[in-house]
Amino acid sequence: MYKSIHLLRAGASLLALSGWAWAVDPPATSAPAMHHAAKADSNKPAPTDEELIASAMKAAPKKVGENATIAVPDPKGGMRTLRKGTNGFTCMPDNPETPGPDPMCWDKNSGDWMDAYLNHKPAPAGKVGLMYMLSGGTDASNTDPYATKPSVSNHWIKTGPHIMIVGADAAFYDSYPKNADPDTKSPYVMWAGSPYQHLMAPIN
């Protein structure tokens, strides 16, 4: 999650943030990425705003992407709005520093959840959020919300196109597998048992 909660994703997966995943109002402090980051090609020209908008819209269903706010991180750690939306969703384009495509869209409740994650605060209660990563997500630890690279114990996984359900009651997540090494082709809980556990539901 990405932020990569894959910035669920994780991270992002979840799901990323180094990977991108920011709440609509960026937090005052930074935290490790939800998604694994890699060095970008410094020789590659920077994308235009139009290219960034097109990339961001790929994260969600067509109608959602068309009406969402599109934003990107600015060099000072804030956010730059490329296009104002009308449907309550915010989308970010692919982060070129991560190994694979990971544009992300999230609703307001998910933005509040990501803000809590970034600032190591309790996730807001009673605010279920929906996040889209329909182009896929970058790699992330399935057990450690703040892992930035693989280790022998943090169960690094690869994720494809998926949606994330965040902020639900514990009983909701108890209905799904919580294996440390899940079958990522079926719904599973990422970061199980942590304040930031969330459902990862593959699309393909």
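Parameters and conventions
Residues numbered from 1 in each chain as written. Predicted model: local features only at pLDDT ≥ 70, side-chain atom pairs only at ≥ 80, totals over all residues. Heavy atoms only, no water. Helix = DSSP H or I, 4+ residues; strand = E, 2+ residues; numbered from the N terminus. Buried < 20%, exposed > 50% of the residue type's maximum accessible area, 1.4 Å probe, protein only. Areas by Shrake-Rupley, 256 points an atom, 1.4 Å probe, with all protein chains shown as cover. Pairing = 2+ DSSP bridges. Contact = heavy atoms within 4.5 Å. Salt bridge = Lys/Arg side-chain N within 4 Å of Asp/Glu carboxyl O. pLDDT = per-residue confidence, 0-100. Disulfide = S-S within 2.5 Å. Core = buried A, V, L, I, M, F, W, Y, C linked by side-chain atoms within 4.5 Å.

Asks: What's the story with the overall build of the protein chain in this structure? I'm lost.
Replies: When its secondary structure is counted, the protein chain shows 4 helices and 10 strands. Mapped in sequence order, the helices and strands of the protein chain form the string α-α-β-β-β-β-α-β-β-β-β-α-β-β. For the protein chain, the proportion of its 204 residues judged to be buried stands at 49%. For the protein chain, the computed accessible surface area is about 9,300 Å², with 54% contributed by carbon and sulfur atoms.

Asks: Even after reading the chapter, I still don't get unusual backbone geometry, so can you show me in this structure?
Replies: Located in the positive-phi region is H120, a residue other than glycine, with phi close to 55°. Within the secondary structure, H120 sits in the loop between α3 (108–118) and β5 (129–133). With phi around 60°, W191 is a residue other than glycine that occupies positive phi space. Within the secondary structure, W191 is located in the loop between β9 (188–190) and β10 (198–202).

Asks: Teacher, can you tell me more about the pairing of β5 here?
Replies: Note on strand geometry: in a regular strand, side chains alternate between the two faces of the sheet. Buried residues dominate β5, accounting for 4 of its 5 residues. Sheet analysis places β5 next to strand β8 (residues 162–166), joined by 5 bridges and oriented antiparallel. Residue pairing in the sheet places Y132 in a bridge with I163 of β8.

Asks: Is there a simple way to think about the side chain of S55 in this case?
Replies: Positionally, S55 belongs in helix α1 (residues 49–57). Setting aside residues no more than four positions away along its own chain, S55 makes contact with P93, D94 and P103.

Asks: Just to check I follow, could you spell out the pattern of salt bridges for this structure?
Replies: If you walk through the whole model with that rule in mind, you get 6 salt bridges. Between D112 and K127 there is a salt bridge; the shortest N-O distance is 2.4 Å. Residue D112 is located in helix α3, and its partner K127 is located in the loop between α3 and β5; the two are separated by 15 residues in the primary sequence. Overall, K127 belongs to the partly exposed group, its relative accessible area being 25%. For K178, the salt bridge identified is with D174, shortest N-O distance 2.6 Å. Overlapping salt bridges, with partners in common, bring together K108, D112 and K127 in one network.

Asks: Sorry if this is basic, but what is going on with the confidence of the model for the protein chain here?
Replies: The predicted coordinates should not be examined in detail at positions where pLDDT is low. Averaged over all residues, the pLDDT of the protein chain is 82; the fraction at 70 or higher stands at 79%. Every residue in residues 1–40 is under pLDDT 50, and counting partners more than four places away or in other chains gives 257 contacts.

Asks: Sorry if this is basic, but what is going on with the state of the cysteines here?
Replies: Here, disulfide denotes a covalent bond that connects the sulfur atoms of two cysteines. Scanning the model with the defined rule gives 1 disulfide in all. Residue pairing for C91: its cysteine sulfur links by disulfide to C105, the two sulfurs lying 1.8 Å apart. Between C91 and C105, the disulfide has an S-S torsion of 110° and is therefore right-handed. Remark: C105 occurs in strand β4 (residues 104–106) and C91 occurs in strand β3 (residues 90–92); sequence separation between them is 14 residues. Note on accessibility: C91 and C105 belong to one class, buried.

Asks: What am I meant to see in the environment of S151 here?
Replies: Residue position: S151 is located in the loop between β6 (140–141) and β7 (156–157). Given the relative accessible area of 39%, S151 is considered partly exposed. Spatially, the C-alpha atom of S151 lies 8.9 Å from that of S141, the residues being 10 residues apart in sequence.

Asks: What is the right way to read the nonpolar core from this model?
Replies: One recurring pattern in soluble globular proteins: nonpolar side chains tend to sit buried together. In terms of nonpolar packing, the biggest core is built from 20 residues, with M104, W113, M131, M164, M190 and Y196 touching the most fellow members. Counting only elements with at least two residues in this core, the list comes to β4, α3, β5, β8 and β9. No other element matches α3, which puts 5 residues into this core. Membership of the second largest hydrophobic core comes to 14 residues, among which are A56, F89, C91 and Y132.

Asks: Would you take a moment to explain the environment of T98 for this structure?
Replies: Within the secondary structure, T98 is located in the loop between β3 and β4. Among the residues examined, T98 registers a relative accessible area of 8% and is labelled buried. With 40 residues separating them along the chain, T98 and T138 place their C-alpha atoms 6.6 Å apart.

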